[in-house]
Amino acid sequence: MPSPRLRFAPSPNGRLHLGHAYSALLNAEIARALHGTVLLRIEDIDPVRCRPELAEALVADLTWLGLTYPEPVWRQSARMSTYRAALASLQARGLIYPCTCTRREIQDAAGGARDPDGAPLYLGTCRGRPVPNEPHAWRLDMARALALCPGPFAYAAFTPGAPEAARNPDPARWGDAVLARKDVPTSYHLAVVLDDAAQGITHVVRGQDLEAATDLHVLLQRLLGLPTPRYHHHGLIRDEAGDKLSKSLRSEALAALRERGVRAAEVRARLGFGEVPPQDQT
Ligand code: GLU
């Protein structure tokens, strides 16, 4: 068995909050239990919302929490050529098609149909059109993908110390998902499966808000010949530890907590990772 490899993969589009802290600390705790390593990956594909100073700030916040990561820290913005190459291979296999639809057009065409994130489901308006001269996204041709990889699909959901559970993902519910945006040659879904594989990630620990996306990720892994890691989708801070936290702790960025004198040990303890130090007890 290769040594377990996990990753914490925040997007530097704002300051880290307690939800991020919880996910990062849980990754560290699970890695310790498995005798594995956690890598830090900065998911900065969005050129508008992600800023270099926020990437630096998140590393500082994690260091303050007591979390350090092996170098090099990967940045997705430096990996565009890899994403482009994967897109080209999917295109050569007829598995993606260009799409020029605006949000408005997608919404109007969808009627009430929704994807698992609650966004309007794309019903294939641009499917079969030639590559246009205007900016376009690239979408997975779900019907073709499923014809090539008909399933059934499966992945292992793990919790340390408990038996693994088999999950049966249903990628079709995502429809023709975006694999490259108009402004960057990838989307979250494509970049995350390529990078998890390239970094040899064996165990993915991330929030329940991404559980449905795993259905699509398993299909992409199959199409691209990549291994499927084991997954643990943790409860979000609002339900898992929220009742133990005061409202202000929940809504403030870690940096703001630090500035008003809250100590890292207290944050860790309030999130369920260790004892509350005596001087912080109320
Ligand atoms: N970058 C994503 C986020 O910040 C997390 C991706 C993942 O863990 O798969 O929500």
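Residues numbered from 1 in each chain as written. Predicted model: local features only at pLDDT ≥ 70, side-chain atom pairs only at ≥ 80, totals over all residues. Heavy atoms only, no water.

Colleague: Lay out the nonpolar core with the relevant residues and their values.
Modeller: One broad trend across soluble globular proteins is that nonpolar side chains are buried collectively. The biggest cluster of nonpolar side chains holds 37 residues, and the ones touching the most others in it are L140, L219 and L223. Those elements giving two or more residues to this core turn out to be α3 (80–92), β5 (137–140), α5 (142–148), β8 (178–180), α6 (188–198) and α7 (211–224). Of the residues forming this core, the biggest block, 8 residues, is contributed by α7. Not counting residues up to four positions away in its chain, the partners in contact with L219 are L140, M142, A145, L146, C149, F153 and P171. Counting 30 residues, the second-largest nonpolar core is a separate cluster that includes I30, V38, L62 and F158. (Core = buried A, V, L, I, M, F, W, Y, C linked by side-chain atoms within 4.5 Å. Buried < 20%, exposed > 50% of the residue type's maximum accessible area, 1.4 Å probe, protein only. Helix = DSSP H or I, 4+ residues; strand = E, 2+ residues; numbered from the N terminus. Contact = heavy atoms within 4.5 Å.)

Colleague: If you had to explain the site of the ligand to someone new, which residues and values would you point to?
Modeller: Every residue near the ligand is listed here: R7, A9, P10, S11, E43, Y188, V192, R206 and L210. Residue A9 places a main-chain N or O atom 2.7 Å away from a nitrogen atom belonging to the ligand. When isolated, the ligand has an accessible area of 300 Å², and the protein chains bury 78% of it. Of the residues contributing to the shell around the ligand, the split by class is 5 nonpolar, 1 polar and 3 charged. (Near = heavy atom within 4 Å. Polar contact = N/O pair within 3.5 Å; in protein donor to acceptor, adjacent residues only side chain to side chain. Areas by Shrake-Rupley, 256 points an atom, 1.4 Å probe, with all protein chains shown as cover. Nonpolar A, V, L, I, M, F, W, Y, C, P; charged D, E, K, R; others polar.)

Colleague: Pulling in residues and values, what's your account of the pattern of salt bridges?
Modeller: The tally for this structure, following the rule as stated, stands at 17 salt bridges. As a salt-bridge pair, R167 and E211 come within 3.8 Å of each other at their nearest N and O atoms. Within this pair, whereas R167 is found in strand β7 (residues 165–167), its partner E211 is found in helix α7, the two being separated by 44 residues in sequence. Judged by its relative accessible area of 33%, R167 is partly exposed. Residue classification places E211 among the partly exposed residues on the basis of a relative accessible area of 27%. Taking the shortest distance from any N to any O, the salt bridge between D183 and R181 comes out at 2.9 Å. Residue R181 is classed as partly exposed on the basis of its relative accessible area of 26%. One network of salt bridges, in which partners are shared, links R7, R41, E43 and D196. (Salt bridge = Lys/Arg side-chain N within 4 Å of Asp/Glu carboxyl O.)

These figures capture arrangement, not role.
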